[in-house]
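Read off the chains here:
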Amino acid sequence: MTTIALNYSKSLLEGLIGSVKKSLQGIMIGMMIARQTQANQKVAEQISKYEYNGENYWQILHELNAATINSIQKEFKQ
């Protein structure tokens, strides 16, 4: 009986730790994406202003954000 209870509590604890780890990883990834997309806005504005006379801002921003998301997904892919 004691062995069954210990195995059950061990698996329960491992599941709890795994879910906490996943949650913290999700928060970290979200913060990374938020910071990088904020920087991408400023970069896109500068590129648009100096290379395209204020045009193509949204296209540049989209490309930068897509590259950011792809690189973060590759880094944290499981």
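Once a new chain begins, its residue numbering starts again from 1 and follows that chain's sequence as written. In keeping with the model being predicted, local features are shown solely for residues with a pLDDT of at least 70 and side-chain atom pairs are shown and tallied solely at 80 or more, while totals for entire chains, interfaces and linings include all residues. Calculation of side-chain values draws on the structure's entire complement of heavy atoms; hydrogens and water are dropped beforehand.

Counting from the N terminus, the helices are DSSP H or I runs at least four residues long and the strands are E runs at least two residues long. The secondary structure content of the protein amounts to two helices and zero strands. Contact between two residues is taken to exist if any of their heavy atoms lie within 4.5 Å; hydrogens are not considered. A separation threshold of at least 6 residues defines the contact pool for the protein, and within that pool the share at least 24 residues apart is 47%. Using a 1.4 Å probe, accessible areas were evaluated by the Shrake-Rupley method; residue-level cover was limited to the displayed protein chains. With an accessible surface of roughly 6600 Å², the protein has 61% of that area assigned to carbon and sulfur atoms.

Quick look at the environment of Tyr 57 now. Within the secondary structure, Tyr 57 is located in helix H2 (residues 57-76). Taking the C-alpha atoms as reference points, Tyr 57 and Val 43, 14 residues apart in sequence, are found 9.7 Å from one another. Those residues within four positions of Tyr 57 in sequence are excluded, and the remaining contacts are Gln 41, Ala 44, Glu 45 and Ser 48.

Turning our attention to the packing of aromatic side chains. Note on ring pairs: Phe, Tyr and Trp rings are taken, using the six-membered ring of Trp, and paired if centres are within 6.5 Å. Classes follow the plane angle, with under 30 degrees stacked, over 60 edge-to-face and the rest tilted. Counted by the stated rule, this structure contains one aromatic pair. Ring centres of Tyr 57 and Trp 58 lie 4.9 Å apart, and the angle between their planes is 75 degrees; on these two criteria the pair is classed as edge-to-face.

Purely geometric numbers; function is a separate question.
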